[in-house]
Amino acid sequence: MLEGPKVSQSELAKRFGVSQPQICRIIKNKERILSEWHRNGDPERKRKREGKDAALEAALLRWVEGAHATDLPVGRPLLQLRAGHLARPDPEPSGGWLARLGARHGLAGKKPPVEKGDAEQPTAEHWAGAVLPGLLRSYAPAEIFTCGETAVPLPACAPGKGESPGERLTLLLCANASGSEKVPLRAVGDNPRPRCLRGVNLEQMPWSYRAGSLAGVTAPLFAEWLREFNEAMRRQGKSVLLLLAKHEAHPYLQLSNVRMVFVPPAAALAQPLDRGIASDLKGHYRRRLLRWLPAERGAGQPSLLDVLHMLAQAWGDVHPGLIAGCFRAAGFTPAASTEAVSLSSAPGPLSREQLEHDGDAADGDEGTAEGEDASELAAVPPCPSEREVWRSLATLRRYLECQATSPDLFQAFYELEDAVHMVSAG
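Let me sum up the structure you'll find in this document. All figures in this text were calculated on a predicted structure; none of them were measured in a lab. (Residues numbered from 1 in each chain as written. Predicted model: local features only at pLDDT ≥ 70, side-chain atom pairs only at ≥ 80, totals over all residues. Heavy atoms only, no water.)

**Regarding the overall build of the protein chain**
Right, on to step 1. Check the secondary structure of the protein chain and you find 16 helices and 6 strands.
Right, on to step 2. Each of the 426 residues in the protein chain was classed as buried or not, and the buried ones make up 38%.
Right, on to step 3. Within the protein chain, residue pairs in contact and separated by at least 24 positions form 66% of the contacts whose partners lie at least 6 positions apart.
Right, on to step 4. In the structure as shown, the protein chain presents an accessible area of about 24600 Å², 54% of it carried by carbon and sulfur atoms. (Helix = DSSP H or I, 4+ residues; strand = E, 2+ residues; numbered from the N terminus. Buried < 20%, exposed > 50% of the residue type's maximum accessible area, 1.4 Å probe, protein only. Contact = heavy atoms within 4.5 Å. Areas by Shrake-Rupley, 256 points an atom, 1.4 Å probe, with all protein chains shown as cover.)

Next comes the structure, spelled out in structure tokens:
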């Protein structure tokens, strides 16, 4: 109407039922009003409303634009997480504030914009054939990581569980393409304060435990893990590539030493964890569960703490060659570094015959020496029973759980436990 035949401001005021000065202000600020209307997420909205915290709102909107640029779906939980992070040290914004922000800018269910005529939006096949190789060429296999989640069941009636049947743990797994580095397991359950973890020096365990909704990895839990992973890479002086599936619980963070790249969802792009790494871990875990002998250990069903140690041992049992092979099968390794890697199983503990042979070679002399005092023979303690051995190992493990200064100590303990089990089962 303002661009048509000239109409007096008084006539316009009468036509729309407003004052003449208001019409004057609208004409004077026409360019600014039209610009703000075009930027508005909801073109049907007639009134301009501002949030109480304009700086936080602007920062959050800039982050949303960046997330859309990486084709990352932005849902309510992810917005809540990012808003809380940006608001620090002030209190976290309420759900009502986020709802009003979403209504003002059309964020609820908003998808990343698609430019017209861009039939060229990369398909999964194009991404795997053109985009991924360019990414991988910039990194060595030891600097290419992938992460994902898998679920494992808890034994029935395990202490430290709730009461509902069919409970599980969700495991966050992460490893590199050469198989040389497996990030310690992050287990997520639904019990926020398991009794069996009291007194345990959790900072020095070869695993970590968190409580999540329905025992699942949530966006805040994943963001916490990402920052810890980035800090570990920073301490090692490494800059790495992290390939992961696009998911609402996987927020995009700008990190100093970790470049996050989301893999398009497609059956043809099954990630290395789905190619055999997760199933191999579960196989080792089941084997250790079946190996648990309540009669010998005298402890009944394994507790949540026992299960976490079994899972750490099972993760250690996954052979680096298998991990490297799964990365190659998924196409997640540079073409120039596809050297042959053996997929043979990891060397197991020594057999009983080997132990006996080594013991014979080391001892070199059996029986009593001539003239040995009979009183010294009487002082030799009897051979302990298997139950006594397992109780001693449980005591040693508890000591390490409370006093250990490094997670590496548990690797030596796990090897000792495997050797004792092999001897008792021989």
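On we go from here.
**Focus on the sheet that holds strand 1 (residues 144–153)**
Right, on to step 1. A sheet is described by the order of its strands in space; here 6 strands give the open sequence 4-3-2-1-5-6, paired in mixed fashion. Only two strands of the sheet have a single neighbouring strand rather than two, namely strand 4 (207–211) and strand 6 (258–263). Direction aside, neighbouring strands of the sheet carry axes that sit 25° apart on average.
Right, on to step 2. Relative to strand 4, strand 3 (residues 185–189) runs parallel, the two sharing 5 bridges. What sits directly across from Gly-189, in strand 4, is Ala-211.
Right, on to step 3. Relative to strand 1, helix 9 (residues 277–291) is tilted by about 40°, and along the sheet it contacts strand 1 and strand 2 (168–176).
Right, on to step 4. Along the sheet face, helix 11 (residues 304–317) touches strand 1, strand 2, strand 3 and strand 4 and points at about 25° away from the line of strand 2. (Pairing = 2+ DSSP bridges. Axes fitted to C-alpha atoms, helices over the stretch in contact; angles between N-to-C directions.)

**So, the pattern of salt bridges**
One side chain can pair with another of opposite charge once the charged atoms of both are near each other.
Right, on to step 1. Counted according to the given criterion, the structure contains 14 salt bridges.
Right, on to step 2. In this structure, the salt-bridge partner of Glu-224 is Arg-210, at a minimum N-O distance of 3.1 Å. Highlighted residues: Glu-224 in helix 8 (residues 219–236) and Arg-210 in strand 4, separated in sequence by 14 residues.
Right, on to step 3. Its relative accessible area of 26% is what places Glu-224 among the partly exposed residues.
Right, on to step 4. Put simply, Glu-401 and Arg-397 hold a salt bridge, and the shortest N to O gap is 2.9 Å. Highlighted residues: Glu-401 and Arg-397, both in helix 15 (residues 386–403), separated by 4 residues, approximately one helical turn.
Right, on to step 5. Look at Glu-401 and you get buried, because its relative accessible area is 1%. (Salt bridge = Lys/Arg side-chain N within 4 Å of Asp/Glu carboxyl O.)

**Focus on the side chain of Asn-176**
Right, on to step 1. With respect to the helices and strands, the residue Asn-176 is situated in strand 2.
Right, on to step 2. With a relative accessible area of 0%, Asn-176 lands in the buried category.
Right, on to step 3. Within polar-contact distance, the side chain of Asn-176 engages the backbone nitrogen of Glu-181 at 3.1 Å.
Right, on to step 4. Beyond its immediate chain neighbours, meaning those up to four positions away, Asn-176 contacts Pro-141, Ala-142, Ile-144, Phe-145, Glu-181, Ile-323 and Phe-327. (Polar contact = N/O pair within 3.5 Å; in protein donor to acceptor, adjacent residues only side chain to side chain.)

**What about the packing of aromatic side chains?**
Right, on to step 1. This structure, assessed with the given rule, holds 6 aromatic pairs.
Right, on to step 2. Each ring, one from Phe-145 and one from Phe-229, has its centre 5.3 Å from the other, and the planes form 70°; the classification is edge-to-face. Separated by 84 residues along the polypeptide, Phe-145 in strand 1 and Phe-229 in helix 8 bring together distant segments of the chain.
Right, on to step 3. Exposure remark for Phe-229: the relative accessible area of 4% places this residue in the buried category.
Right, on to step 4. Between Tyr-252 and Phe-262, the aromatic rings sit 6.5 Å apart at their centres with planes inclined by 50°, giving tilted as the arrangement. Of the two residues, Tyr-252 sits in the loop between strand 5 (240–245) and strand 6 while Phe-262 sits in strand 6, which places them 10 residues apart along the sequence.
Right, on to step 5. Ring pairing ties together the aromatic residues Phe-145, Phe-222, Trp-225 and Phe-229, which thus form one cluster.
Right, on to step 6. Positioned above the aromatic ring of Trp-315, the side-chain terminus of Lys-182 is 5.8 Å from the ring centre. (Phe/Tyr/Trp six-rings, centres within 6.5 Å; stacked < 30°, edge-to-face > 60°. Lys NZ or Arg CZ within 6 Å of the ring centre and 35° of its normal.)

**What about the packing of helix 11 against helix 15?**
Right, on to step 1. Close contact between helix 11 and helix 15 brings their axes to 13 Å; oriented N to C, the two are set at 85°. Taken together, the axes of helix 11 and helix 15 lie roughly perpendicular to each other. Here Leu-305, Asp-306 and His-309 of helix 11 lie close against helix 15, whose contacting residues are Arg-397, Arg-398 and Glu-401.
Right, on to step 2. Partitioning the contact of helix 11 with helix 15 into residue classes produces 1 nonpolar, 1 polar and 4 charged. (Parallel < 35°, antiparallel > 145°, perpendicular 65-115°, else oblique. Nonpolar A, V, L, I, M, F, W, Y, C, P; charged D, E, K, R; others polar.)

**A closer look at the nonpolar core**
Right, on to step 1. Core analysis: the biggest nonpolar cluster contains 53 residues, and Leu-169, Trp-207 and Leu-243 have the highest contact counts within it.
Right, on to step 2. Ranked by residue count, the leading element in this core is helix 11, at 9 residues.
Right, on to step 3. A domain split of this core shows at least three residues from each of domain 2 (135–154 + 167–330) and domain 3 (386–425).
Right, on to step 4. Ignoring any residue separated from it by four or fewer positions in sequence, one finds Leu-169 in contact with Thr-150, Ala-151, Val-152, Leu-154, Val-188, Gly-189, Tyr-209, Leu-304, Val-307, Leu-308 and Leu-311.
Right, on to step 5. The next biggest cluster of nonpolar side chains, apart from the first, holds 24 residues, and it includes Leu-172, Cys-174, Met-233 and Leu-242. (Core = buried A, V, L, I, M, F, W, Y, C linked by side-chain atoms within 4.5 Å. Domains from an automatic or database assignment.)

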